[in-house]
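Structural description and commentary
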Amino acid sequence: MKIQRAAILLVIGHSVKYGGAFSTSLSNHQLSLGPRAVITTSTGMKIVRPQTSSIRATGSRLQMSQSATVVSPPEENSNPPDQLFEGFGKGIARDYKARLPLYKSDITDGLNVQCLAATLFLFFACLAPAVGFGGLFATATNGAIGTIEMVSSTAVCGMIYALFSGQPLTIIGSTGPVLAFVACLAQLGKAMNLPFLPLYAWTGLWTSAILFLSSVTSASNLVKYLTRFTDEIFSVLISTIFVVEAVSDVAGTFTSPATTLTKALLTLSIATVTYGTATVLKGLRNTVYFTKSIRNNVSNFAPTIGVMLGSLLARSARLAHGAEALLPALAIPAKFQTTSGRPWLVPLMDLPMWARFASFVPALMATVLLFLDQNITVRLVNNPSYKMEKGRRKGNILDGMHADMLIISILTAFTSLIGFPWLVAATVRSISHVRALSKFDKDGKIQSSIEQRVTGFSIHALIGSCVIFSKPRFLLTQVPLPVLMGLFMYLGISALPGNEMFERIKGVFKDKKLAKTQRWDSVPTRVTNLFTLIQVACLGAMLWVKSSPIGVLFPVVIAMLSPLRFGLEKAGIIKKEYMDVLDED
């Protein structure tokens, strides 16, 4: 049982517009209106008056033909809905103009207990795959890129992204498709007798340039053509990979000749305790036990408590039974140096001139990969259901994307020059981050999200400390892999509730007379089941491509989901009136 197997689990300004018109009359009125409130009287006179939170009225009548309107920001702050590309840097400027004035609150809003709980939870959820992916990269690149590069890239890039991105709740990390692409690039270099790291660096620099061009032209507006159809499939895909691989990894210990039955049973027990503790305690929020404060705090720290309890049980078993109960643990490099002992800077000039330009071709595929991984995940994070408001136009999922893509392009250039793995938004880690920062009402529905930069920065700063300092590194080597398997299981399953594709799949097995009313109940059952079956078929196809020799084409399959959705409607397979309900954003 190897952490490499476990790593595969992860393949996968501020403006508010007021408007409207009303007609009213008042007698001896005293009006108190907000900043820049413009009142137009029946005579056409315009009056600008300060605004407070109320309007008080008494006395004689004054007829108004138009409403009191708070002046909106300039029109250039809002791109037309049908505009795909924008002028140089307009999207980036709009994102930062909306978010930077709130930077102070991005710090102060992160100083609370719930953010501390989220930091501890995501620290484990981000560190373990970083270590695991490092081992996989080392194998794929023959040691040119390894664990120390992966963990260092996660720490440094994660901190920079948290500080300067437009959507700081997104967590970046390496993904399975990126690993598959790098492995193919290494094989290409070997076949053509080209040094891998210079080839990797030039490919990354070309990719960075294309991503930079896409950010300054607001190419992320392409995401507006994606719909819930794509979001649901992609989200269920990542969760399915987590769950299936976690189960198979635990089950593999029972068939491995290198593992005894005692260790296999202990692995199952530790993983189950970790997952069960996190799940049960997370649900305490919706019970009537204890006080509201205790329920919320225990719920926030549930995953961390699960990790601690699983680790303590594993340690107790090891102390009681010795080597027979010794489980594999998280492996952290002992020294801060490159895996192969090479210099940190990649020798760019070692690649022949023709290959420097030819690397533009694989860079095109890498661009598609990073562009889609980044934007689909940020689209999921920006979902209006999370009730985010900072720097956001109501219902808009594109806000922050252009600034985020700019940061990703810069980080891609940086990581290419020093031989670090490329990082993009990681779906399950990002969604788990947002959910850990969500505030719920008594019915368990999201009321708001804590939008700040503290947790993202702190998570990756802690990861960096594990590379630099010996004591944190030693403590983490005491965490058994079965604990992380239980945590990954929790991550996968906890991301499914609220996903309508998942709810419709469950609905197939429910008694319609007793089941709760759903938003799509007005659609005939056969149409709903057909729509869901098509999504499941797409999910199966993506799972196959991911694990096949053509896994590097995974992002192309994702890109084809949107044309497929519109094809279903255009071909009449699913009528537009039904599609509008099933695929409503």
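Residues numbered from 1 in each chain as written. Predicted model: local features only at pLDDT ≥ 70, side-chain atom pairs only at ≥ 80, totals over all residues. Heavy atoms only, no water.

1. Topic: the overall build of the protein
On a plain count of helices and strands, the protein comes out with 22 helices and 7 strands. When the 585 residues of the protein are sorted by exposure, 52% land in the buried category. Element-wise, carbon and sulfur atoms account for 66% of the exposed surface of the protein, whose accessible area totals about 26300 Å². (Helix = DSSP H or I, 4+ residues; strand = E, 2+ residues; numbered from the N terminus. Buried < 20%, exposed > 50% of the residue type's maximum accessible area, 1.4 Å probe, protein only. Areas by Shrake-Rupley, 256 points an atom, 1.4 Å probe, with all protein chains shown as cover.)

2. Quick notes on the environment of threonine 525
Looking at the secondary structure, you find threonine 525 in helix H20 (residues 525-546). Judged by relative accessible area, threonine 525 falls into the partly exposed class, the value being 45%. The spatial distance from the C-alpha of threonine 525 to the C-alpha of valine 508 is 9.3 Å, given a sequence separation of 17 residues.

3. Observations regarding helix H15 (residues 427-436)
Counting buried positions along H15 yields 9 of 10 residues, so the element is predominantly enclosed. For H15, the set of buried residues is Thr427, Val428, Arg429, Ser430, Ile431, Ser432, His433, Val434 and Ala436.

4. Side note on a nonpolar patch on the surface
A surface patch of nonpolar side chains, about 530 Å² in accessible area, is lined by Val368, Trp544, Ile550, Leu553, Val556 and Met560. Turning to its location among the elements, methionine 560 is positioned in helix H21 (residues 554-570). (Patch = residues over 30% accessible without salt bridge, like charges linked within 9 Å, V, L, I, M, F, W, Y side chains within 5 Å. Salt bridge = Lys/Arg side-chain N within 4 Å of Asp/Glu carboxyl O.)

5. Comments concerning the pattern of salt bridges
Under the criterion given, the structure shown has 18 salt bridges. The closest approach of N and O atoms between glutamate 232 and arginine 228, which form a salt bridge, is 3.8 Å. One end of the pair, glutamate 232, and the other, arginine 228, are both in helix H8 (residues 228-255), 4 residues apart, so they sit about a helical turn from each other. Residues glutamate 232 and arginine 228 agree in their burial class; the two are buried. With a closest N to O distance of 3.1 Å, glutamate 232 and arginine 504 form a salt bridge.

6. Here's the deal with unusual backbone geometry
The backbone of phenylalanine 290 sits at a positive phi, close to 60°, despite the residue not being glycine. The residue phenylalanine 290 is located in the loop between helix H9 (261-282) and helix H10 (292-300) in this model. Accessibility expressed as a relative area gives 58% for phenylalanine 290, which makes it exposed. If you check the backbone angles, lysine 387 has positive phi at about 55° while not being a glycine. The exposure class assigned to lysine 387 is partly exposed, which follows from its relative accessible area of 40%.

7. Focus on the packing of H8 against helix H13 (residues 360-381)
Put simply, H8 and H13 touch, their axes get as near as 10 Å, and they point 100° apart. Taken together, H8 and H13 sit at an angle that is classed as roughly perpendicular. Residues Arg228, Asp231, Phe234 and Ser235 of H8 touch H13, and the partners they reach there are Asp373, Ile376, Thr377, Arg379 and Leu380. (Axes fitted to C-alpha atoms, helices over the stretch in contact; angles between N-to-C directions. Parallel < 35°, antiparallel > 145°, perpendicular 65-115°, else oblique. Contact = heavy atoms within 4.5 Å.)

8. Remarks on the packing of aromatic side chains
Tallied over the entire structure, the rule returns 11 aromatic pairs. Residues tryptophan 206 and phenylalanine 360 carry aromatic rings whose centres are separated by 5.2 Å and whose planes lie at 80° to one another, so their mutual orientation is edge-to-face. With tryptophan 206 in helix H7 (residues 196-216) and phenylalanine 360 in helix H13, the pair connects residues that are 154 residues apart, well separated along the chain. The class for tryptophan 206 is partly exposed, based on a relative accessible area of 27%. A centroid spacing of 6.2 Å and a plane angle of 85° characterise the contact between phenylalanine 242 and phenylalanine 488, whose relative ring orientation is edge-to-face. (Phe/Tyr/Trp six-rings, centres within 6.5 Å; stacked < 30°, edge-to-face > 60°.)

9. Details of the environment of threonine 175
With respect to the helices, strands and loops of the structure, threonine 175 is situated in the loop between strand S4 (172-173) and helix H6 (176-191). Residue class for threonine 175 comes out buried when judged on its relative accessible area of 1%. C-alpha separation for the pair threonine 175 and alanine 130, spaced 45 residues apart in sequence, amounts to 9.7 Å.

10. Remarks on the packing of H20 against H21
Taken N-terminus to C-terminus, the directions of H20 and H21 make an angle of 165°; their axes are 10 Å apart at the nearest point. Considering the angle they form, H20 stands roughly antiparallel to H21. Crossing of H20 over H21 shows right-handed handedness. Here H20 contributes Ile534, Cys538, Met542, Val545 and Lys546 to the contact with H21, which in turn contributes Phe554, Val557, Ile558, Leu561, Leu564 and Leu568. The class makeup of the residues in the contact of H20 with H21 is 10 nonpolar, no polar and 1 charged. (Left-handed = near helix turned anticlockwise from the far one by under 90°. Nonpolar A, V, L, I, M, F, W, Y, C, P; charged D, E, K, R; others polar.)

11. Observations concerning the pairing of strand S7 (residues 446-449)
Taken together, the 3 bridges between strand S6 (residues 438-440) and S7 define a ladder with antiparallel strand orientation. Bridging from a neighbouring strand, phenylalanine 440 pairs with isoleucine 446 of S7. The antiparallel pairing of S6 with S7 creates a hairpin that spans 5 residues between the two strands, and glycine 444 there sits at a positive phi of about 85°. (Pairing = 2+ DSSP bridges.)

12. A closer look at a positive patch on the surface
A cluster of basic side chains, namely Lys387, Lys445, Lys510 and Lys516, defines a positive patch on the protein surface. Within the secondary structure, lysine 516 sits in the loop between helix H19 (500-507) and H20. (Lys, Arg positive; Asp, Glu negative; His and termini not counted. Charge placed at Lys NZ, Arg CZ, Asp CG, Glu CD.)

13. With respect to the confidence of the model for the protein
With 85% of its residues at a pLDDT of 70 or more, the protein has an overall mean of 82. Ranking the helices and strands of the protein by mean pLDDT puts H7 first, with 96, and strand S3 (residues 69-70) last, with 34. In the model, residues 1-81 has pLDDT below 50 throughout and makes 178 contacts with residues more than four positions away in sequence or in other chains. (pLDDT = per-residue confidence, 0-100.)

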